[in-house]
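So the chains spell out like this:
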Amino acid sequence: MIELAELSIAYGRGPSKVSAAEGLSLFVDSYELVAVVGPSGCGKTSVLMVLAGLLRPSQGQARIYGEEVRGIRRDVALILQDAGLLPWKTVWQNAELALRIQGQKDSRERVDEVLHQLGLTGFESRFPGELSEGMKRRVGIARALALQPRVLLMDEPMANLDSLTREHIQNLILTLWREMGFTGLLVTHDMEEAVFLGQRIAVFSPRPARVVEIVDNPGMGTVEYRGTPEFMAKVAHLREVLGGSS
Amino acid sequence: MRSALSSTVRWVLLYLLALGVVIGGWGGICALLVWVRGRPVLPTPGETFTAAWENLPVLAQAFGTSALRFLIALVVSFLLGLPLGLAIGFERRLDTFLSPLIYILYPMPPVALLLFLYLAFGLGEVVRLVVVVIALFFQVVVAAQGAAKYITPSHVAAVRSAGATRLQLYRHVVLPATLPNVLTAARVSVGLGITMLYIAETKLGVLLGPEAGLGRLIEYYTFRGDISLAGVVGLALLGLLFYALLELLERSLCRWKFVGAQRGR
Ligand SMILES: Nc1ncnc2c1ncn2[C@@H]1O[C@H](COP(=O)(O)OP(=O)(O)O)[C@@H](O)[C@H]1O
Ligand SMILES: [Mg+2]
């Protein structure tokens, strides 16, 4: 469960102050998967940073399962834009990283399992420099899921991938969400991705981000949804809303 | 694996070839000097190697002493310089306050301070180490600081979002991210380090015997050009040894760097 209440985020002070969000409110229920779309630079990543405990809001509150976010929480995992893999660590070490930092013992099996789920078995001792872009993203997802988080924050996990790889990873995220049961917030600038993966879709305004509209998307949840008339209608609707606001 | 082996063989062959070129050039210069000056000036490679062979025990001892001295100085300057340089480069506050200090001290040649170093540390082993350490220390600090300044923010976010402590941040990100640059800089600094070693061993070892280091040996045998020159060859080999050692260290500690580069070709 995620609650953003009248959240404002600002970088810097005085004349050089940049406001990344202003009076932003959003509610995500337990086990819900909500997509966030908005123009680039509107403040989407900043909102995730606040939820991950890496950035303090200037006003308002972010709450996770009823508790105000004051720092890093062990039940929250963040998938960074471009995966944020460490080039000097192997696939296995990258996947294990978050567990290791948190000092969780006996993580070996869990890492093996999650790498298997993401189709990375056999690549454990490769370095990121040896992987395709799609594989790197999957390692980033593995690293977050190894934590078995209650809340998964995803920052454009499919950006800059070719369309085939993108659809593959979208399907993977859908499956993992249904199997593992986490509360998910997925940031994307791809309308089709938002409609494919969001039970609800929150549309952000240009900077500073506010929620302009929330689109209900009850048809979501299966791979077959992609390409149906309902799906296309939602995508068209989103295009219209975003086109008007930016 | 096969390609790794063949590249090592190629590497060794190239060094042997270079050695041949150096010895050939050296012989040529000897002949040239005889022709220009009308008398032998520089001992020939043959004379030098004969002298080296005849004085092998003392030469080996001097080489060993110098090598150990250089190794200790290198390790000490890394132990002191690496944490300091990384912290200055990575912590913005330290950067603003300590960078000017480093850059004021950095260009100052420690040779110019020999008198004061001698007064402070006496003429023992310590002072010879200190001279080399000071020179290498600043090289390591400046290289580490420069590399730590430009760490990819997403790498930091990756470990911070998992709840990393400051120490874990250094261990998993700052140190491995900067190590290739720092080791490369250290390799480049070997030349400077050997020069400082020579100065320390000659200027701060006047009462010692020839086995107290290659610099001392070169000075001690001023009137036996061939042995003296053998000492110079020893210094060159010493530099090469540490150059290769640092290269190997980089290849084994920063394997990821070379894997990526090979794919890129
Ligand atoms: N560390 C920072 N310092 C100053 N401004 C920043 C920083 N990070 C982001 N911004 C600014 O905040 C705004 C929102 O950024 P971001 O949250 O990354 O947007 P999005 O993810 O929607 O593209 C942008 O205008 C960006 O320039
Ligand atoms: Mg962003």
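Our subject is the structure that appears above.
The structure contained in this document is the topic of the report that follows. (Residues numbered from 1 in each chain as written. Chains lettered and ligands numbered in written order. Predicted model: local features only at pLDDT ≥ 70, side-chain atom pairs only at ≥ 80, totals over all residues. Heavy atoms only, no water.)

**A closer look at the overall build of chain B**
This is how the line gets drawn: Helix and strand definitions here come from DSSP, where helices need a minimum of 4 consecutive H or I residues and strands a minimum of 2 consecutive E residues; each element is numbered from the N-terminal end. For every residue, the accessible area obtained with a 1.4 Å probe (protein chains only) is divided by the maximum for its type, and the residue is called buried under 20%, exposed over 50%, and partly exposed between those limits. For this analysis, residues touch if any pair of their heavy atoms sits within 4.5 Å. Each accessible area value is a Shrake-Rupley result obtained with a 1.4 Å probe; residue values ignore everything except the protein chains displayed when judging cover.
Regarding its fold elements, chain B presents twelve helices and zero strands. Listed N to C, the secondary structure of chain B is α-α-α-α-α-α-α-α-α-α-α-α in terms of helices and strands. Each principal axis of the C-alpha distribution contributes one length, and for chain B these read about 75 × 55 × 35 Å. Here chain B, with 265 residues, has 43% of them falling under the buried criterion. Contacts spanning at least 24 positions in sequence make up 71% of the contacts within chain B whose residues lie at least 6 apart. Summing over all exposed atoms, chain B offers an accessible surface of approximately 14700 Å²; the carbon and sulfur share of this is 71%.

**A word on unusual backbone geometry**
All names here are of chain A. Along the chain, Arg-207 connects to Pro-208 via a cis peptide bond; the corresponding omega equals -5 degrees. In this structure, Ala-83 takes a positive phi of about 70 degrees despite not being glycine. With respect to the element layout, Ala-83 can be found in the loop between strand 6 (76–79) and helix 2 (91–101). Classification of Ala-83 as buried rests on a relative accessible area of 3%. A positive phi is found at Asn-160, a non-glycine position, where the angle reads about 60 degrees. Relative to the helices and strands, Asn-160 is located in the loop between strand 7 (151–155) and helix 5 (163–180). With relative accessibility at 65%, the residue Asn-160 sits in the exposed group.

**As for the site of ligand 1**
Residue and element names in this part refer to chain A. Rules: Here a residue counts as near a molecule or strand whenever at least one of its heavy atoms sits within 4 Å of it. Throughout this description, a polar contact denotes any pair of N or O atoms lying within 3.5 Å of each other; where both atoms belong to protein, one of them has to be capable of donating a hydrogen while the other can accept it, and for residues adjacent in sequence the pair is counted only when both atoms sit in side chains. Asp, Glu, Lys and Arg are counted as charged, while Ala, Val, Leu, Ile, Met, Phe, Trp, Tyr, Cys and Pro are counted as nonpolar; the rest, among them Gly, fall into the polar class.
Surrounding ligand 1, one finds Tyr-11, Val-18, Ser-40, Gly-41, Cys-42, Gly-43, Lys-44, Thr-45, Ser-46 and Arg-207. Tyr-11 is positioned with one of its side-chain polar atoms (N or O) 3.4 Å from a nitrogen atom of ligand 1. Within the contact set of ligand 1, an oxygen atom lies 2.8 Å away from a backbone nitrogen or oxygen of Lys-44. For ligand 1, whose accessible area on its own is 570 Å², the fraction buried by protein is 59%. Looking at the shell around ligand 1 element by element, the count peaks at three residues for helix 1 (residues 44–51). A per-class count over the shell around ligand 1 returns three nonpolar, five polar and two charged.

**Digging into empty space enclosed by the protein**
Selection criterion: Here the term cavity refers to a set of points on a 1 Å grid, laid over the protein atoms alone, in which a 1.4 Å probe fits but cannot get out; the term pocket refers to an open set having protein on both sides within 12 Å along at least five of seven lines, with lining residues being those that place an atom within 4 Å of a point. Grid points are joined across faces, edges and corners, and a volume is the space filled by probe spheres set on the points.
Following the criterion strictly, the structure yields three cavities of 30 Å³ or more and no others. If you go around the largest cavity, the residues you meet are Val-76, Ala-77, Leu-78, Leu-80, Ala-98, Arg-143, Ala-144 and Leu-147 of chain A together with Ala-158, Ser-161 and Ala-162 of chain B. Those elements that place two or more of their residues in the lining of the largest cavity are strand 6 and helix 4 (133–145) of chain A. At three residues, the largest contribution of residues to the lining of the largest cavity is made by strand 6 of chain A. Broken down by class, the residue content of the lining of the largest cavity amounts to nine nonpolar, one polar and one charged.

**Side note on the interface of chain B and chain A**
Here is the rule we go by: Two parts placed together each lose some accessible area under a 1.4 Å probe, and the buried area is that loss summed for both. Salt bridges, as used here, are contacts in which a Lys or Arg side-chain nitrogen is within 4 Å of a carboxyl oxygen on Asp or Glu.
Listed as interface residues are 20 residues of chain B and, on the opposing side, 19 residues of chain A. Between chain B and chain A, the buried area comes to about 1900 Å², and carbon and sulfur atoms account for 69% of it. Run the count over chain B and chain A and you get zero salt bridges. One can count five residue pairs in polar contact (both at pLDDT 80 or more) joining chain B with chain A. Broken down by secondary-structure element, the contributors of at least two residues to the side of chain B that touches chain A are helix 7 (153–160), helix 8 (166–188) and helix 12 (255–264) of chain B. Of the residues assigned to the side of chain B that touches chain A, the class counts are ten nonpolar, six polar and four charged.

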